[in-house]
Amino acid sequence: MIDMRHGKRIHRISISIDDETFQVLAHKAAYDDRALGEYIARLVQQQVHGLKATLPKPNADVTLNGCCDE
């Protein structure tokens, strides 16, 4: 069972995977320093909603070439 949080609710999803896939996911979760359930939940969210990348807001002090205006 994988616990997935969305707000205050906890949704449980049962998945079945083979041993090799479990080991790969466990290693990747450990590499990202996350719990296995949290890592798998994020993978599921990315597959359902797509990868939503956010761009950082530009800083007014930085020009296009990355140098500070002085």
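In the block above lies the structure referred to throughout.
Note that the coordinates shown come from a computational prediction; the quantities given were computed from them, not determined experimentally.

Conventions we followed
Residues numbered from 1 in each chain as written. Predicted model: local features only at pLDDT ≥ 70, side-chain atom pairs only at ≥ 80, totals over all residues. Heavy atoms only, no water. Helix = DSSP H or I, 4+ residues; strand = E, 2+ residues; numbered from the N terminus. Buried < 20%, exposed > 50% of the residue type's maximum accessible area, 1.4 Å probe, protein only. Contact = heavy atoms within 4.5 Å. Areas by Shrake-Rupley, 256 points an atom, 1.4 Å probe, with all protein chains shown as cover. Expected span 1.5 Å × (residues − 1). Patch = residues over 30% accessible without salt bridge, like charges linked within 9 Å, V, L, I, M, F, W, Y side chains within 5 Å. Salt bridge = Lys/Arg side-chain N within 4 Å of Asp/Glu carboxyl O.

(A) Geometry of the overall build of the protein. Of the regular secondary structure elements, the protein holds two helices and two strands. Secondary structure of the protein in N-to-C order comes out as β-β-α-α. In the protein, buried positions account for 10% of the 70 residues. Within the protein, counting contacts between residues at least 6 apart in sequence, those at least 24 apart form 21% of the total. Of the accessible surface of the protein, which amounts to about 6,700 Å², a share of 53% is contributed by carbon and sulfur atoms.

(B) Highlighting the environment of Gly37. Secondary-structure assignment places Gly37 in helix 2 (residues 36–49). The exposure class assigned to Gly37 is partly exposed, which follows from its relative accessible area of 22%.

(C) Just helix 1 (residues 19–31), in detail. Relative to the 18 Å expected for 13 residues at 1.5 Å per residue, helix 1 spans 18 Å between its end C-alpha atoms, a close match to the ideal helical length. Immediately downstream of helix 1, the backbone of Asp33 shows phi near 60°, a positive value.

(D) Looking closely at a nonpolar patch on the surface. Nonpolar side chains collect at one region of the surface, where Ile13, Ile15, Ile17 and Phe22 lie side by side and expose about 320 Å² of accessible area between them. In this structure, Phe22 sits in helix 1. Taking relative accessible area as the criterion, Phe22 reaches 41% and is therefore assigned partly exposed.

Function-wise, these values are silent; they only describe arrangement.
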